[in-house]
Amino acid sequence: LIRKYGYPCEIHRVYTEDKYILEMHRVPHGVNKTSNSSRPVIFLQHGLLSSSAEWVLMRPGKGLAYILADAGYDVWMGNARGNTYSRHHVSTKPTQSSFWQFSWHEIGHYDLPAMIDYVLKETGVDKVQYIGFSQGTTAFWVMASTRPEYNNKISAMHALAPIAFISNIKSPLIKTLGPFTNSLELVMKMLGANEFLPNGKINELAGEKFCLEEAVTQVLCKNLLFLICGFNNEQLNNTMLPVVLGHTPAGASTKQIIHFGQLYNSNKFVQFDYGRFKNRRVYGSRQPPSYNLTAITSPVFLHYADNDWLSTPTDVHRLMLELPVVVGKYRVPMKTFNHLDFVFANDANKLIYDRLLNIMSQFIN
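A quick note: this is a predicted structure, and the numbers were derived from the prediction, not measured.

Novice: Outline the overall build of the protein chain, listing residues and values.
Specialist: When its secondary structure is counted, the protein chain shows 13 helices and 11 strands. Looking at the protein chain as a whole, 57% of its 365 residues qualify as buried. Sequence-distant contacts in the protein chain: of pairs separated by 6 or more residues, those separated by 24 or more amount to 75%. Only carbon and sulfur atoms are counted for the fraction: they give 54% of the accessible area of the protein chain, which is about 15000 Å².

See the structure below:
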């Protein structure tokens, strides 16, 4: 897709401390630039059930990666373990249960540090700016609180639809799962023991048949997305729907979904709850420890929307109160703007990205 639109693209592979092999995608410069003179570096991290593709599925002028590359940034896009591009490990395979024994805690604690260190080494810069969407923000809170030395490697963190506290979530999927998260075996049976919604047959059918603009079933595709994220028909580009659903969902571990269900249930932002006995073994306490948000020192900007069923205004406000480093909180000026609109809305550039570029320009060394 990136090359199709005339942009340069590179593929990079990174090994984590616990031996997962992650793939990153880089757009080193915009379509009209050829010199590789030093550019400010930006790192983008995708949301749950997604991949780096979410930044480039929309066309140039609409997709955030293209907009940033054209604005003079060296754009790096991460991929969390378990998604379409990061399904390799030194010794285990995705067909083995052991491959999937992670939640977004491990993505924050191992994947992000490995990818950020790699980017710093490759580009020779001291710091990067970070843009996270949805779970890409959750993973950042994990990294910056459990490995506080990484705060020194981030000049600013821009959170799109930030997620930490989710007790006011409206998404039927998480609300339905919440009460069951104390019985891990039962939830595993409901969702699949290892991987939740891998990219495969469903995506192919969605992309090829069911989600095309002229298909009568297109309404089902839209409603599936809306049920998870909130309703906003006006901002969804119907022509792009088959493209989006050809890449999303991109796979995630069942434990990632369960971990979010636990946050909803507990009304806290805590590590994975294995149950009392295993918690004592893993954490030395009966309850999972809370993430220490006061350890985060990178400047943070929060961007949220009224109609977001996953990152609700009430929960974002609570995050702002608990994070000592929030230097800006921005509400998208559209009542119907929802969760996925942060990456796929027709007018995301006018409603958010123009402002984002403005803020980012303040942090260029």
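Novice: Talk me through helix α2 (residues 104–123); I want residue IDs and the actual numbers.
Specialist: Residues separated by three or four positions in an α-helix point in the same direction, a consequence of the helix having 3.6 residues per turn. Given a rise of 1.5 Å per residue, 20 residues ought to cover 28 Å, and the 27 Å separating the end C-alpha atoms of α2 matches this to within 8%. Extensive coverage of α2 is indicated by the burial of 14 of its 20 residues. At the N-terminal end of α2, a side-chain oxygen is found 3.0 Å from the backbone nitrogen of H105, two or three residues along, and the residue is S103. Just beyond α2, the residue with positive phi is G124, at close to 75°.

Novice: Summarise the UniProt feature "active site" (unreviewed entry) in the protein chain; cite the residues concerned and give the values.
Specialist: Here, UniProt's "active site" (unreviewed entry) annotation points to S134, D308 and H339. Spanning 206 residues, the annotated positions come together in the fold, the maximum distance between their C-alpha atoms being 10.7 Å. Counting through the fold element by element, S134 comes out in the loop between β6 (128–133) and α3 (135–146). Owing to a relative accessible area of 6%, S134 belongs among the buried residues under this scheme.

Novice: Residue-level account of the side chain of Q135, with values.
Specialist: Inspection of the secondary structure puts Q135 in helix α3. Relative accessible area serves as the criterion here: at 2%, Q135 is assigned to the buried category. Residues contacting Q135, with those up to four places away along its chain left out, are H46, G47, L48, W104, I107, Q256 and F260.

Novice: Talk me through the pattern of salt bridges; I want residue IDs and the actual numbers.
Specialist: Under the definition given, this model contains 11 salt bridges. Here D117 makes a salt bridge to K153, at a shortest N to O gap of 2.7 Å. Here D117 is found in helix α2, whereas its partner K153 is found in the loop between α3 and β7 (154–160), with 36 residues between them in sequence. For D117, a relative accessible area of 28% corresponds to the partly exposed category. Here K350 makes a salt bridge to D347, at a shortest N to O gap of 3.6 Å. Accessibility expressed as a relative area gives 22% for D347, which makes it partly exposed.

Novice: Help me get a handle on the pairing of strand β2 (residues 20–27), residues and values and all.
Specialist: The element β2 is extensively covered by neighbouring structure, given that eight of its eight residues are classed as buried. What you see with β2 is no split at all: Y20, L22, M24 and R26 on one side and I21, E23, H25 and V27 on the other are buried throughout. Where strand β1 (residues 10–15) lies against β2, six bridges are found, and the strand directions are antiparallel. Each bridged residue has a counterpart across the sheet, and for R13 the counterpart in β2 is E23. Turn length for the β1-β2 hairpin, with the two strands adjacent in sequence and antiparallel, is four residues, and the turn residue K19 shows positive phi of about 75°. With two bridges joining them, β2 and strand β5 (residues 88–89) adopt antiparallel strand pairing. Within the sheet, the bridge partner assigned to I21 lies in β5 and is H88. With three bridges joining them, β2 and strand β4 (residues 74–77) adopt antiparallel strand pairing. Paired with H25 across the strands is M77, a residue of β4.

Here is what the cut-offs are and how they apply
- Residues numbered from 1 in each chain as written.
- Predicted model: local features only at pLDDT ≥ 70, side-chain atom pairs only at ≥ 80, totals over all residues.
- Heavy atoms only, no water.
- Helix = DSSP H or I, 4+ residues; strand = E, 2+ residues; numbered from the N terminus.
- Buried < 20%, exposed > 50% of the residue type's maximum accessible area, 1.4 Å probe, protein only.
- Contact = heavy atoms within 4.5 Å.
- Areas by Shrake-Rupley, 256 points an atom, 1.4 Å probe, with all protein chains shown as cover.
- Expected span 1.5 Å × (residues − 1).
- Polar contact = N/O pair within 3.5 Å; in protein donor to acceptor, adjacent residues only side chain to side chain.
- UniProt positions renumbered as here; feature names shortened; annotations may be inferred.
- Salt bridge = Lys/Arg side-chain N within 4 Å of Asp/Glu carboxyl O.
- Pairing = 2+ DSSP bridges.

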